[in-house]
Amino acid sequence: MSNKKEIIQEATQLINRQLTQEGRRRFLKQGLTLGGITMLTGCDITNNANIESSLSQISQLNDRIQEWLFNGNLLAPVYPESMIDTNFPFNAFYSENDAPDINADEYHIEFLGLIKDKQPLTLAHLHQMAQVSQITRHICVEGWSSIGKWGGIPLSTLLKGIGADLHAKYVSFQCADNYYTSIDMATALHPQTILALTWNNEVLPRKYGYPIKVRIPTKLGYKNPKHIQAIEVTNRYPGGYWEDQGYNWFGGS
Ligand SMILES: Nc1nc2c(c(=O)[nH]1)N[C@H]1C(S)=C(S)[C@@H](COP(=O)(O)O)O[C@H]1N2
Ligand SMILES: [Mo]
């Protein structure tokens, strides 16, 4: 995990590289806000490449700060049964009818990267493991949020069980619909991060990610991958479907 000194060094370098003399004077007077850096940079607003590159550097710095602030023991809010939303929305980069139709008999989850035991696991195997459930709020950046109940296995239990390198930086997920995303190891080991097999006490419906979705209540909707096919533990930055198009990688909720 990043430490305070590294992040401050990085912020200073970013500011030094990008501020004009005038910007630097105003910065010293007004202090740092992440959004404010863009206003103070000397980049020519007719030059998109310049703007893109400063925004992307700020987004990366923002990732580091979020990672540093993330507390592996702090829990996302949980809600009573009475608050469960019965009209839970569907969302994906395609319409509901196109959600993958997965055959349970042929299904197994694959493991890649820094893991000792890469033997694929079947659904039956996952159902035999101790199950937990939680009622949390899913927050989508498209402007909706909804409360649901998800049940399954803590991802930390699985990662420990298969001998994953818990000091690796990233855990990445590949989905049956070619969606992909990745998270930091601290979030992968967070007690509320689960491999969900059920939604509102029923088998996870096809539209919500059958047979397995990774439910991460400390992260925004796009960091909750459905239809999981493979899990990889790696130190190489894996990105994600929306993250590679400019969404913030840490994506905390
Ligand atoms: N495999 C897969 N997972 C995905 C997506 C997707 O398109 N494919 N969309 C993400 C987004 S942006 C959201 S908001 C949630 C929606 O989950 P839901 O259909 O259960 O509401 O799934 C996330 N996980
Ligand atoms: Mo989303």
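See the structure shown above.
The present account deals with the structure reproduced in this document. (Residues numbered from 1 in each chain as written. Chains lettered and ligands numbered in written order. Predicted model: local features only at pLDDT ≥ 70, side-chain atom pairs only at ≥ 80, totals over all residues. Heavy atoms only, no water.)

### A short note on the environment of P89
Structurally, P89 can be placed in the loop between α4 (48–69) and β1 (108–113). Note on P89: relative accessible area 27%, which makes it partly exposed. Along the primary structure P89 and K207 are separated by 118 residues, whereas in three dimensions their C-alpha atoms are 9.5 Å apart. Leave out the neighbours within four places in its chain, and P89 touches W144, S146 and Y208. (Helix = DSSP H or I, 4+ residues; strand = E, 2+ residues; numbered from the N terminus. Buried < 20%, exposed > 50% of the residue type's maximum accessible area, 1.4 Å probe, protein only. Contact = heavy atoms within 4.5 Å.)

### Points about the packing of aromatic side chains
Inspection of every chain in the model, using the stated rule, returns 18 aromatic pairs. Look at F93 and Y179: their rings are 6.2 Å apart centre to centre, the planes differ by 15°, and that puts the pair in the stacked class. Of this pair, F93 sits in the loop between α4 and β1 while Y179 sits in the loop between β5 (170–175) and β6 (180–184), placing them 86 residues apart in sequence. Accessibility expressed as a relative area gives 10% for Y179, which makes it buried. What links up through ring pairs into an aromatic cluster is the set F90, F93, Y94, Y179, Y222, Y241, W242 and Y247. Here K219 stacks its cationic end above the ring of F250, 3.3 Å away from the centre of that ring. (Phe/Tyr/Trp six-rings, centres within 6.5 Å; stacked < 30°, edge-to-face > 60°. Lys NZ or Arg CZ within 6 Å of the ring centre and 35° of its normal.)

### What to know about the site of ligand 1
The environment of ligand 1 is formed by 20 residues, the closest being P89, N91, D177, N224 and K226. D177 places a side-chain nitrogen or oxygen 2.8 Å from a nitrogen atom of ligand 1. In this structure, K226 approaches ligand 1 through a side-chain N or O atom, which is 2.6 Å from an oxygen atom. Tallied by class, residues from the shell around ligand 1 come to twelve nonpolar, four polar and four charged. (Near = heavy atom within 4 Å. Polar contact = N/O pair within 3.5 Å; in protein donor to acceptor, adjacent residues only side chain to side chain. Nonpolar A, V, L, I, M, F, W, Y, C, P; charged D, E, K, R; others polar.)

### Notes on the nonpolar core
Among the nonpolar cores identified, the biggest contains 33 residues, and I109, L126, V171, I212, I228 and I231 are the most heavily contacted of them. Within the residue set of this core, elements represented by two or more residues are β1, α5 (123–128), α6 (155–161), β5, α7 (185–188), β7 (194–199) and β10 (228–234). If near-sequence neighbours (up to four positions away) are discounted, I231 is found in contact with I109, E110, F111, L112, I115, L155, L158, V171, S172, F173 and L195. Of all hydrophobic cores here, the second largest spans nine residues; its members include C140, W144, A196 and W199. (Core = buried A, V, L, I, M, F, W, Y, C linked by side-chain atoms within 4.5 Å.)

### A closer look at the side chain of H138
Relative to the helices and strands, H138 is located in strand β3 (residues 132–140). Among the residues examined, H138 registers a relative accessible area of 7% and is labelled buried. Discounting chain neighbours no more than four positions away, the residues touching H138 are F88, W144, S145, S146, W150, K213, R215 and G221.

### Some points on the sheet that holds β5
Read across the sheet, five strands follow the order β2-β1-β10-β5-β6 without closing on themselves; strand pairing throughout is mixed. A strand with exactly one partner marks an edge of an open sheet, and here the two such strands are β2 (121–122) and β6. In the sheet, β5 pairs with β6 via five bridges, with the strands oriented antiparallel. Bridge pairing in β6 places Q174 opposite Y180. (Pairing = 2+ DSSP bridges.)

### Structural notes on unusual backbone geometry
In the segment running from Y210 into P211, the intervening peptide bond is cis, with an omega of 0°. Along the chain, P211 turns up in the loop between β8 (202–203) and β9 (213–215). Positioned with a positive phi, N178 is a non-glycine residue whose angle comes to about 70°. At H227, a residue that is not glycine, the phi angle is positive and equals roughly 50°. When you line up the elements, H227 lands in the loop between β9 and β10. Owing to a relative accessible area of 1%, H227 belongs among the buried residues under this scheme.

### Brief notes about the pattern of salt bridges
For the coordinates displayed, the defined rule picks out four salt bridges. A salt bridge links K223 to E243, with the shortest nitrogen-to-oxygen separation between them at 2.7 Å. Here E243 lies in the segment after β10 and K223 lies in the loop between β9 and β10, a separation of 20 residues in the sequence. (Salt bridge = Lys/Arg side-chain N within 4 Å of Asp/Glu carboxyl O.)

### Some words on the environment of N103
Mapped onto the elements, N103 comes out in the loop between α4 and β1. Separated by 108 residues in the primary sequence, N103 and P211 place their C-alpha atoms 8.8 Å from one another.

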